[in-house]
Amino acid sequence: MLSERMIQNFSNLVSIDSISRSEEKVHDYLKKKFRDLKLKVTEDNSKIKTSLGANNLIATLEGTSEKEPLFFSCHTDTVSPGEGIEVVEEDGKLFSKGDTILGADDKAGIAIIIEAIQQIQEQGIPHGKVEFVFSPGEEIGLIGSSALKMDMLTATNGYVLDSGGVVGRVTIASPTLYMYDVTISGVAAHAGIEPEKGISAISILADALQNIQIGRLDETTTANIGVIQGGESTNVVLDHMLIKGEVRSVDPQKANILIQEVSNYFRQAAKKHGGSVTIEIKRMATGFHINDDENVMKTFLKSAKNLGLEVVREVSGGGSDANSFNEKGKKAVNLSIGYEKIHTTDEYIPVEEMKKAVQLVIEIIKNSPNKME
Ligand SMILES: [Zn+2]
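Residues numbered from 1 in each chain as written. Predicted model: local features only at pLDDT ≥ 70, side-chain atom pairs only at ≥ 80, totals over all residues.

With respect to the nonpolar core
The biggest cluster of nonpolar side chains holds 67 residues, and the ones touching the most others in it are I112, I113, L161, V333 and V361. Top contributing element to this core by residue count: helix α4 (residues 104-123), with nine residues. Once residues lying within four places of it in the same chain are set aside, the contact partners of L161 are F72, C74, G109, I112, I113, L335, I337 and A357. Of all hydrophobic cores here, the second largest spans 24 residues; its members include V247, L258, F266 and A285. (Core = buried A, V, L, I, M, F, W, Y, C linked by C-beta atoms within 7 Å. Buried ≥ 20, exposed ≤ 12 C-beta atoms within 10 Å, placed from the backbone. Helix = DSSP H or I, 4+ residues; strand = E, 2+ residues; numbered from the N terminus. Contact = placed C-beta atoms within 7 Å.)

What follows is the structure, encoded as structure tokens:
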């Protein structure tokens, strides 16, 4: 019966199209839903800056007991094909009809939150202040959460409900990611007649590669050069090349040092040969690492134990809104909520996992530590 209600809420949510930058309707729906549940609903004005379909939305459940405040977070946008989604239940799993994604990423998280709030209210479970954050534009680069002013939140510890796999898995770390484009400029010359008048971009690259490390550099640090473009003819000294690469590390310091090294090695090599380089570096995400002895993990571990969940700690290769929260001083881990095969038309979520996630959210809220005197 309770799962019927949750499935209904989930179906309603995914039936509202909200591909990234078109989140307005689902935000309108959520504002009404949370007001009906007697939560306080606020939003920022980030839409002006982000050009997304909606602002970040915060629904606050005021506390009934003296516990530390917590936050939970989900994103409201989906990838394509995500228009006209219809939910089909088969063998205890929810699928789309097959021609769209399901949108459990991340609307299952929202349905889980709604169900948890309803159960807390119906059962009169004592709770501290809980803030529920809903961000647009996550799928296109964490745009909503990146624009969120963290002083809008009282809580310093929180849980992003936006990870696949069985409930009990927790993403405790994610890398800082830099992507770079290097344009190497030498001088063209006829390779057979007067090669000494040329400056070869290949020679500059070869020199730089003597020093630039690629591959796995340590357990949580990697680097790669993935694109090399240039040249048209064997009889011309190659004067122009484009190189694209990246570095990732869970240790932000290491990533910073590595990207500096990469650009220095390219510059030095260019100088040595009399050529030049332009380097464009983009910081795509800021990494984080949360240890077991931090409160956000302690509360999770205690809650998972109480529910008999098997805890699996994950280091993610990619980013989520947890990166944005951690970057700006909040402590957040990303919890698995059961969905599988996201971003495909085969996406599905077992109802049993959703029910477990509801219990986990409630248990975390119950186990938030008492406020310090
Ligand atoms: Zn997601």
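So, the sheet that holds strand β5 (residues 93-96)
Taking strand neighbours across the sheet as the criterion, the three strands line up as β4-β5-β17 in an open arrangement whose pairing is antiparallel. Of all strands in the sheet, those bounded by a partner on one side alone are β4 (87-90) and β17 (348-350). Between one strand and the next, the sheet's axes are offset by a mean angle of 25°, whatever the strand orientation. (Pairing = 2+ DSSP bridges. Axes fitted to C-alpha atoms, helices over the stretch in contact; angles between N-to-C directions.)

With respect to helix α2 (residues 24-36)
The α-helix advances 3.6 residues per turn, and as a result positions three or four apart in sequence lie on the same side. Spanning 13 residues, α2 covers 19 Å between terminal C-alpha atoms, matching the ideal 18 Å at 1.5 Å per step. Of all the residues in α2, the buried ones are V26, H27, L30 and F34. One face of α2 carries all of its buried residues, which in axial projection span an arc of 100°. The outward face of α2, more than 90 degrees from its buried face, is lined by the exposed residues K32, R35 and D36. K38, located one to two residues past α2, shows a positive phi value of around 70°. (Expected span 1.5 Å × (residues − 1). Arc of directions from axis to C-beta.)

Observations concerning helix α7 (residues 252-273)
For α7, with 22 residues, the first-to-last C-alpha span of 32 Å sits near the 32 Å given by 1.5 Å per residue. Of the positions making up α7, those classed as buried are A255, L258, I259, V262, F266, A269 and A270. Across the axial projection of α7, the buried residues extend over an arc of 105°, all falling on one side. Facing away from the buried side of α7 by over 90 degrees, the exposed positions are Q253 and K272. The inward-facing, buried residues of α7 abut β9 (176-185), α6 (201-211), β11 (221-230), β12 (240-249) and β13 (276-285). Positive backbone phi, at 80°, marks G274, one or two positions downstream of α7.

Thoughts on the packing of α6 against α7
The contact between α6 and α7 brings their axes to 8 Å, and the two run at 135°. Regarding the angle of α6 to α7, the classification is oblique. As for the relative orientation of α6 and α7, their crossing is right-handed in sense. Where α6 approaches α7, its residues S203, I204, D207, A208 and N211 are matched on the opposing element by Y265, F266, A269, A270, K272 and H273. Here the residues of the contact of α6 with α7 sort into six nonpolar, three polar and two charged. (Parallel < 35°, antiparallel > 145°, perpendicular 65-115°, else oblique. Left-handed = near helix turned anticlockwise from the far one by under 90°. Nonpolar A, V, L, I, M, F, W, Y, C, P; charged D, E, K, R; others polar.)

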